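Structural characterization, general
Okay, here's what each chain looks like letter by letter:
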Amino acid sequence: MTRLKVWLLETRPNFLLLTPIVYSVGLASALIEGYHRPLNAVLGLVGALLAHVSVNVLNDYYDYKSGLDLRVRRTPFSGGSGILPQGLLNPERVYLLGLSTLLIGLLIGVYFLLTLGLGLLLILIPAALSVYLYTTHLSHWYVGEFFAGLNFGPLMTLGAYYLQAGRFGWTPFIAGLIPGILVGTLLFLNEFPDVEADISVGRRNLVILLGRRRASRLYALLIASVYIYIAVAVLLRLLPWTCLISLLTLPIAVRAVRGALINYDDVAALIPAMASNVIVVLSTSALTALGLALALLL
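Attention here is on the structure that accompanies the text.

The rules behind these values
- Residue numbers here run from 1 along each chain, matching the order of that chain's written sequence.
- Only residues with pLDDT of at least 70 are given local features in this predicted model, and only at 80 or more are side-chain atom pairs given and counted; all residues enter the totals for whole chains, interfaces and linings.
- Side-chain metrics rest on all non-hydrogen atoms present in the structure, leaving aside hydrogens and water.
- Residue exposure (1.4 Å probe, protein chains only): buried if accessible area is under 20% of the type maximum, exposed if over 50%, otherwise partly exposed.
- The secondary structure listing takes helices from DSSP runs of H or I that are at least 4 residues long and strands from runs of E that are at least 2 residues long, numbered from the N terminus.
- Here, a salt bridge means any side-chain nitrogen of Lys or Arg that lies within 4 Å of a carboxyl oxygen of Asp or Glu.
- Centres within 6.5 Å are what make two rings of Phe, Tyr or Trp a pair, Trp counting through its six-membered ring; a difference in plane orientation under 30 degrees is then read as stacked, over 60 as edge-to-face, and the rest as tilted.
- Charge-over-ring placement is defined geometrically: NZ (Lys) or CZ (Arg) within 6 Å of the ring centre, and within 35 degrees of the ring normal.

1. Looking at unusual backbone geometry
The phi dihedral of Arg-12 is positive, around 55°, even though this residue is not glycine. Here Arg-12 falls in the buried class, since its relative accessible area comes to 13%. Despite not being glycine, Tyr-142 shows a phi value in the positive range, around 65°. For Tyr-142, the location among the structural elements is in the loop between α6 (121-133) and α7 (144-165).

2. A short note on the pattern of salt bridges
On inspection of all chains with the given rule, the structure shows five salt bridges. Among the salt bridges present, the one from Glu-196 reaches Arg-212, with a minimum N-O distance of 3.0 Å. Here Glu-196 is found in helix α9 (residues 195-200), whereas its partner Arg-212 is found in helix α11 (residues 212-235), with 16 residues between them in sequence. Where salt bridges share partners, they join Glu-196, Arg-212 and Asp-265 into one cluster.

3. Quick look at the packing of aromatic side chains
Per the stated rule, a full pass over the model turns up nine aromatic pairs. Plain terms: the ring middles of Tyr-61 and Tyr-62 are 5.1 Å apart, the flat faces sit at 70° to each other, and that makes the pair edge-to-face. You'll find Tyr-61 and Tyr-62 in the same group, each marked buried. Taking 5.9 Å as the distance between ring centres and 80° as the angle between the ring planes, the aromatic pair formed by Trp-170 and Phe-173 counts as edge-to-face. Of this pair, Trp-170 and Phe-173 both sit in helix α8 (residues 170-190), three residues apart, which is roughly one turn of that helix. Owing to a relative accessible area of 65%, Trp-170 belongs among the exposed residues under this scheme. Classification of Phe-173 as partly exposed rests on a relative accessible area of 30%. Through pairs of rings, three or more aromatic residues link up here, namely Tyr-61, Tyr-62 and Tyr-95. Against the face of Phe-15 rests Arg-12, its NZ or CZ located 4.4 Å from the ring centre.

Okay, here's the thing in structure tokens:
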């Protein structure tokens, strides 16, 4: 394996697809209101991707330092990259990568503060703090799932919209709650395999608090709430009717929920449900963006 490939794998590139998909929900919200600034869109996406790389890398670093990476049962969707436990990279250099990507992302944010106004601080401050403090603090306070959903939901969609419109709006917030809840469930279900390992290093999350059985029921309720929310938001005309296209992922969601309810205590058997959950999160968020964009045509 080449050195460059190792560094690339350390960023966990398979998970980075989430950022442009959620970001596009904010862009589509701006587009249907007549705002279109391509250069801002591209630069903002670069900044968002750098922040995502930072949280992935810092999470890997701190999990290695705490010893968690040596205790987890790694799956395709949880347990870290595995790069540091294998000794493929120097941990301190990995930390510098995480810090550097966060700082470069913040510099992009400073540029937008100077060109678009200080209102963007309402996005940048909580996003930057939660990126840096997620593993060391937030994941120990039962709020990790909330902040993951906040960052990859309303904060990201509002930020993308702000870069186009120069102000905040209701549409990106309302639409952003869809990926927000879904990303919260993504982290939530991915925590099931690591309960014992997380407890051993002082982590505290909702799966630990509730136990796997009750947590699987909460997972089912959260997934159901997304589809109910979409239908109600369209019914109340908070979102265009074209966003009903997001409901197409319901059969996959049912498969994920069924798997979680049955196999919550069996890691190997739970993996197909985790895979279905990833598909639901990515495809429902992407269809939300598409539904917003289609409102211009239909």
